[in-house]
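# Notes for the structure review
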Amino acid sequence: MHSVRRPPAMRDVAHLAGVSHQTVSRVVNDHPSVRSETRARVLAAMRALDYQPNVAARTLATNRSQTVGLVTFDTTLFGPSFMVHAIERAAREAGYFVSIASARELNVPSVSEAIRRLREQAVEGIITLAPVAAAWTALGRSLLDVPAHVPIVGMGIDVAAMPEVPMVAVDNAAGAGLATRHLIALGHRTVHHVAGPPEWPEARERLVGWQAALEDVGLPVPVPLPGDWSARSGYAAGRALAADPSVTAVFCGNDQMAIGVLRALHQAGRAVPDEVSVVGFDDMPEAPYLQPPLTTVRQDFAELGRRSMHLLVTQIAAGVRQTGQHRSAPDLVVRESTSALAL
């Protein structure tokens, strides 16, 4: 019968490194008074023993948890899911852990419970991913209970709906303008739009950018076709577009809907890009490998994650909340799904 070995303790690290228990504690808590040679020796001992510091004890000693909270809403969509990974990566680079609390429903009790779980872990700040309008009311009421000294950053939040929360996002209207102007420059006489669900601020902003680009040059603005971000909804819209021989250019609110549009056009015998040019939004990893490779608007999710963490860490250091919006410019990635209009 095998005995269970106890995990290494701080005194074991101190013995191996030849230092005092207090010195190991200072290294764990990143105290500046430890000499670099001593710090290196203690860290080497910690690695050799696979010593894991007691986070709860360190929090009590330093009043710092080095943990930030992330409130999310259940979703399998590419954009929000990839954003979670980007925030986690940026937090690691900044020396923070991330504790994630997912709100199963878009209501005040569910969001408040998620925030409560995070605060019980003594998080130093909170990032919220609130992609739909129904989440703003729940978040706004729930955040009223968060003390003013706890920094907050919103991603995907309508800044007009929650002006007291600093927001980080891509400039969706600018990205839609890039896509639409690209198609206009190729000679298309108008651009049709498959829009995301209207309760999402990203969808509304992309629709506004598409419409403004057409109006700026005096081109007709077709009635947008509704979608729900899914390839299935893009396929349904694509079938309607494929049946109209006057359609030569389509801007889709995201890449997944563009996949559905491409499939519908292919089934209808409408060649892409020879007869119809198609542009998406997001630049999902599969975009270069579609047939044809998809022209799309690229969001730099890693940069958005870094911006959100930088804004949060800045507030943590200053001890005060900030306001305002921080938008990053997207890029247009031109591939083989767009071409000049054949006269």
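Summary of the structure given here. (Residues numbered from 1 in each chain as written. Predicted model: local features only at pLDDT ≥ 70, side-chain atom pairs only at ≥ 80, totals over all residues. Heavy atoms only, no water.)

## Topic: the nonpolar core
In this structure, M83, I127, M155, V194 and V278 are the most contacted members of the largest nonpolar core, which totals 45 residues. When residues of this core are assigned to their parent elements, the largest contribution, seven residues, is made by helix α5 (residues 78-93). Those residues in contact with V194 that lie beyond four places of it in its chain are L225, A237, L241, V250, F251, C252, G253, M257 and V261. (Core = buried A, V, L, I, M, F, W, Y, C linked by side-chain atoms within 4.5 Å. Buried < 20%, exposed > 50% of the residue type's maximum accessible area, 1.4 Å probe, protein only. Helix = DSSP H or I, 4+ residues; strand = E, 2+ residues; numbered from the N terminus. Contact = heavy atoms within 4.5 Å.)

## Here's the deal with the side chain of D255
Along the polypeptide, D255 turns up in helix α11 (residues 255-267). Among buried charged residues, D255 stands out as having no salt bridge; its nearest opposite-charge side chain is R335, 6.4 Å away. A distance of 2.8 Å separates a polar atom in the side chain of D255 from the backbone nitrogen of M284. (Lys, Arg positive; Asp, Glu negative; His and termini not counted. Salt bridge = Lys/Arg side-chain N within 4 Å of Asp/Glu carboxyl O. Polar contact = N/O pair within 3.5 Å; in protein donor to acceptor, adjacent residues only side chain to side chain.)

## A look at the sheet that holds strand β4 (residues 152-155)
Pairing in this open sheet of six strands is parallel, and the strands run β2-β1-β3-β4-β5-β11 from one edge to the other. Edge positions in the sheet fall to β2 (97-103) and β11 (325-328), since each has one partner strand and no second. The sheet shows a mean angle of 20° between the axes of neighbouring strands, taken without regard to direction. Strands β1 (67-73), β2, β3 (126-129) and β4 of the sheet are contacted by α5, whose axis makes an angle of about 155° with β2. Strand contacts of helix α12 (residues 301-318): β1, β3, β4, β5 (167-170) and β11, with the helix running at about 160° to β4, the strand carrying the most contacts. (Pairing = 2+ DSSP bridges. Axes fitted to C-alpha atoms, helices over the stretch in contact; angles between N-to-C directions.)

## Notes on the sheet that holds strand β8 (residues 249-252)
If you trace the six strands from one edge of the open sheet to the other, you get β7-β6-β8-β9-β10-β12, paired in mixed fashion. Of all strands in the sheet, those bounded by a partner on one side alone are β7 (225-226) and β12 (331-333). In this structure, strand β9 (residues 277-282) lies alongside strand β10 (residues 295-298), joined through four bridges in parallel fashion. Opposite V279, over in β10, you have T295 as the bridge partner. The strands that helix α8 (residues 172-185) touches are β8, β9, β10 and β12; relative to β9, the one it contacts most, it runs at about 165°.

## Overview of the packing of α8 against helix α9 (residues 201-216)
Running from N to C, α8 and α9 cross one another at 40°; their axes reach a closest spacing of 7 Å. In this view, α8 runs oblique relative to α9, as classed from their interaxial angle. By crossing handedness, the relation of α8 to α9 is classed as right-handed. From α8, N172, A173, A176, G177, T180, R181 and I184 reach across to α9, where they touch E202, E205, R206, G209, W210, A213 and L214. (Parallel < 35°, antiparallel > 145°, perpendicular 65-115°, else oblique. Left-handed = near helix turned anticlockwise from the far one by under 90°.)

## Regarding the packing of aromatic side chains
This model, assessed by the stated rule, comprises two aromatic pairs. Measuring from ring centre to ring centre gives 5.7 Å for W200 and W229, while their planes differ by 80°; the resulting arrangement is edge-to-face. Of the two residues, W200 is situated in the loop between β6 (192-195) and α9 and W229 in the loop between β7 and α10 (231-242); the sequence distance between them amounts to 29 residues. Aromatic pair F251 and F281: ring centres 6.5 Å apart, planes at 50°, arrangement tilted. Linking F251 in strand β8 with F281 in strand β9, this pair joins segments that are 30 residues apart in sequence. In this structure, R206 packs its charged tip against the face of F281, placed 3.8 Å from the ring centre. (Phe/Tyr/Trp six-rings, centres within 6.5 Å; stacked < 30°, edge-to-face > 60°. Lys NZ or Arg CZ within 6 Å of the ring centre and 35° of its normal.)

## Some details on helix α3 (residues 36-49)
Over its 14 residues, α3 extends 20 Å from the first C-alpha to the last, a length consistent with the 20 Å expected when each residue adds 1.5 Å. In this structure, the buried residues of α3 make contact with α1 (10-17) and α2 (21-28). Following α3 by one or two positions, D50 adopts a phi angle in the positive range, close to 55°. (Expected span 1.5 Å × (residues − 1).)

## A short note on the side chain of D282
Checked against the element boundaries, D282 lands in strand β9. An unpaired buried charge is present at D282: no salt bridge exists, and R206, the closest side chain of opposite charge, is 4.0 Å distant. Look past the residues within four positions of D282 in its chain and what remains in contact with it is F78, R206, N254, D255, T296, V297, R298, Q299 and F301.

## Looking at the pattern of salt bridges
Going through the model one piece at a time under the given rule, you end up with nine salt bridges. E303 serves as the salt-bridge partner of R306, at 3.2 Å between the closest nitrogen and oxygen. In this pair, R306 and E303 both sit in helix α12, three residues apart, roughly one turn of the helix. By relative accessible area, E303 is classed as partly exposed at 25%. Across the pair R307 and E303 runs a salt bridge, and its minimum N-O distance is 3.2 Å. Here E303 and R307 lie together in helix α12, a separation of four residues that amounts to about one turn. Among the ionic contacts, a cluster of salt bridges with common partners joins E113, R116, R117 and E120.

## What to know about unusual backbone geometry
Here V272 and P273 are connected by a cis peptide whose omega angle stands at 10°. Here P273 shows up in the loop between α11 and β9. Put simply, Q291 and P292 share a cis peptide bond, and its omega is 0°. Position of P292 relative to the elements: it lies in the loop between β9 and β10.

## Quick word on the pairing of β6
A two-sided burial pattern is seen for β6, the buried positions comprising H192 and V194 on one face and H193 and A195 on the other. Relative to β8, β6 is paired through three bridges, and the arrangement is parallel. For H192, the partnering residue across the bridge sits in β8 and is V250. Pairing of β6 with β7 involves two bridges; the strand directions are parallel. Bridge pairing links V194 to L225 in β7.

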